[in-house]
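What follows is each chain in one-letter form.
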Amino acid sequence: MRSQENAGAFTGKVAVVTGAGSGIGAASARRLSGDGARVVAVDSDGAAVEEVVRTLPGEAVAVRADISREEDVEHYIGAAREAFGRTDLHHLNAGVFGTFDRLPDVTADDFDRVLAVNLRGTFLGLRAAFRRYEEQDSGGAVVVTASIASLRGSDDLIAYQASKHGALGLVHGAALYGGPRGVRVNAVAPGLVHTRLFSSGGGAAGGGGDMEQRGTTTPMRRVGTAEEIAGVTAFLLSDDAAYVTGEVVSADGGASVVNTVRPSGGAGAWTPGGTG
């Protein structure tokens, strides 16, 4: 539970949160609203994001938008301007998983669809944020939702991994551009977290069905929560992180530091000479 002294950390600020209709985005919207921000909650599922907004403790508006479309990004930025006059904080969180198909079976259309949302959408969101800061003649802070897949590899979710690796390139470049302009850009890299994104994997290995089992392989021996990711996001957006930019903060129960060839990291668990 956060301390009372942080409850008003974002009073007077306007925060845009994409992918706010569920999961990490909804938790982020709740956290920022609870800490005093006026929230512009964005999602491609209009009904879901409207329901989230109805539950927020502070002023908020819901905007239906597809973040991969330039006109939709301009629409949510315009909605923020119309409702609250400005934007100060951005949590660029929206993303899609894509297919669990084997690499030889992934279609170009599947690949393009994932990159359109996760990479193009992040670029468009960053560009829009910087344009708005320039119009306002102000600084600000942006957090991008990366992933443990931004830092590590696996033999599935190829498009997702490519998009999340690419997102870090955007974060690093935007941080360098934003530093002299008073704009900080960071990323949070969640590991296993129960969200609708994971549930979309159904019963596929590596989807939602076996998540609890996979969570036991992390040093903390459990799956994380959306609220825990929202807490890291809130820190990175806050003045407590005023000298932090270009960073990727892993929130994965320690999974990304595991040395898999040591006994504590599961060495010997794979079938010698096998593919699994």
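Reading the values: the criteria
- Residues numbered from 1 in each chain as written.
- Predicted model: local features only at pLDDT ≥ 70, side-chain atom pairs only at ≥ 80, totals over all residues.
- Heavy atoms only, no water.
- UniProt positions renumbered as here; feature names shortened; annotations may be inferred.
- Helix = DSSP H or I, 4+ residues; strand = E, 2+ residues; numbered from the N terminus.
- Buried < 20%, exposed > 50% of the residue type's maximum accessible area, 1.4 Å probe, protein only.
- Contact = heavy atoms within 4.5 Å.
- Areas by Shrake-Rupley, 256 points an atom, 1.4 Å probe, with all protein chains shown as cover.
- Core = buried A, V, L, I, M, F, W, Y, C linked by side-chain atoms within 4.5 Å.
- Pairing = 2+ DSSP bridges.
- Axes fitted to C-alpha atoms, helices over the stretch in contact; angles between N-to-C directions.
- Salt bridge = Lys/Arg side-chain N within 4 Å of Asp/Glu carboxyl O.
- Parallel < 35°, antiparallel > 145°, perpendicular 65-115°, else oblique.
- Left-handed = near helix turned anticlockwise from the far one by under 90°.
- Expected span 1.5 Å × (residues − 1).

An unreviewed UniProt entry annotates the chain as SDR family oxidoreductase originating from Streptomyces bathyalis. As recorded by UniProt, the Sequence similarities (unreviewed entry) comment attached to the chain reads in full: "Belongs to the short-chain dehydrogenases/reductases (SDR) family."

Caption draft 1: Region of interest: the overall build of the chain. Of regular secondary structure, the chain possesses eight helices and seven strands. Looking at the 276 residues of the chain, the share that counts as buried comes to 46%. Restricting the contact set of the chain to residue pairs at least 6 apart, pairs at least 24 apart contribute 67%. Just so you have it, the chain exposes about 13,200 Å², and 52% of that area is on carbon and sulfur atoms.

Caption draft 2: Seen up close, the nonpolar core. Counting 34 residues, the largest nonpolar core has V40, V42, Y76, L126, V142 and V185 as its most contacted members. Elements represented by at least two residues in this core include exactly β1 (14-18), β2 (38-43), α3 (70-84), α4 (108-136), β5 (140-145), α5 (158-178) and β6 (183-190). For V40, the contacting residues outside a window of four places in its chain are V14, A15, V16, V17, V61, V63, Y76, A80 and F84. Of all hydrophobic cores here, the second largest spans 29 residues; its members include I24, A26, V39 and V143.

Caption draft 3: Expanded view of the side chain of R132. One can find R132 in helix α4. Residue classification places R132 among the buried residues on the basis of a relative accessible area of 7%. In this structure, R132 is in contact with I77, R81, G85, R86 and T87, ignoring residues within four places of it in sequence.

Caption draft 4: Molecular detail of the sheet that holds β1. Reading across from one edge, β3-β2-β1-β4-β5-β6-β7 is the order of the seven strands in this open sheet, with parallel pairing throughout. Every interior strand has two partners, whereas the edge strands, β3 (60-64) and β7 (248-251), have only one. In this sheet, neighbouring strand axes are inclined to one another by 15 degrees on average, regardless of whether the strands run parallel or antiparallel. The pairing of β6 with β7 spans four bridges and is classified as parallel. If you follow A189 over to β7, its bridge partner there is S250.

Caption draft 5: Representation of the pattern of salt bridges in the model. Per the stated rule, a full pass over the model turns up 11 salt bridges. Among the ionic pairs, E51 bridges to R54, the shortest N-O distance being 2.7 Å. Of this pair, E51 and R54 both sit in helix α2 (residues 46-55), three residues apart, which is roughly one turn of the helix. Its relative accessible area of 41% is what places E51 among the partly exposed residues. Because the salt bridges share partners, they merge into one network encompassing R69, E71 and D72.

Caption draft 6: Highlighting the packing of helix α1 (residues 23-34) against helix α8 (residues 226-237). Relative to each other, α1 and α8 sit at 55 degrees, their axes nearing to 8 Å. Between α1 and α8, the interaxial angle falls into the category oblique. Every pair of crossing elements has a handedness; the one defined by α1 and α8 is right-handed. Between α1 and α8, the residues in contact are G23, I24, A27, S28, R30, R31 and L32 and A226, E227, I229, A230, G231, T233, A234 and L237, respectively.

Caption draft 7: Region of interest: α1. Here α1 spans 17 Å end to end across 12 residues, near enough to the 16 Å set by a 1.5 Å rise per residue. Of all 12 residues that make up α1, nine are buried, and the element is covered over most of its length. Buried within α1 are the following residues: I24, G25, A26, A27, S28, A29, R31, L32 and S33. Buried residues belonging to α1 abut β1, β2, α2, β4 (89-92), β6 and α8. Remark: G36 follows α1 within two positions and exhibits a positive phi of approximately 105 degrees.

Caption draft 8: How the structure looks around the packing of α3 against α4. In the contact formed by α3 and α4, the axes pass within 10 Å of each other and the chain directions differ by 40 degrees. With respect to α4, the axis of α3 lies oblique. Seen from above, α3 lies across α4 with right-handed handedness. Facing E70, V73, E74, Y76, I77 and R81 of α3, the residues of α4 in contact are R120, L124, G125, R127, A128, R131, R132 and E135.

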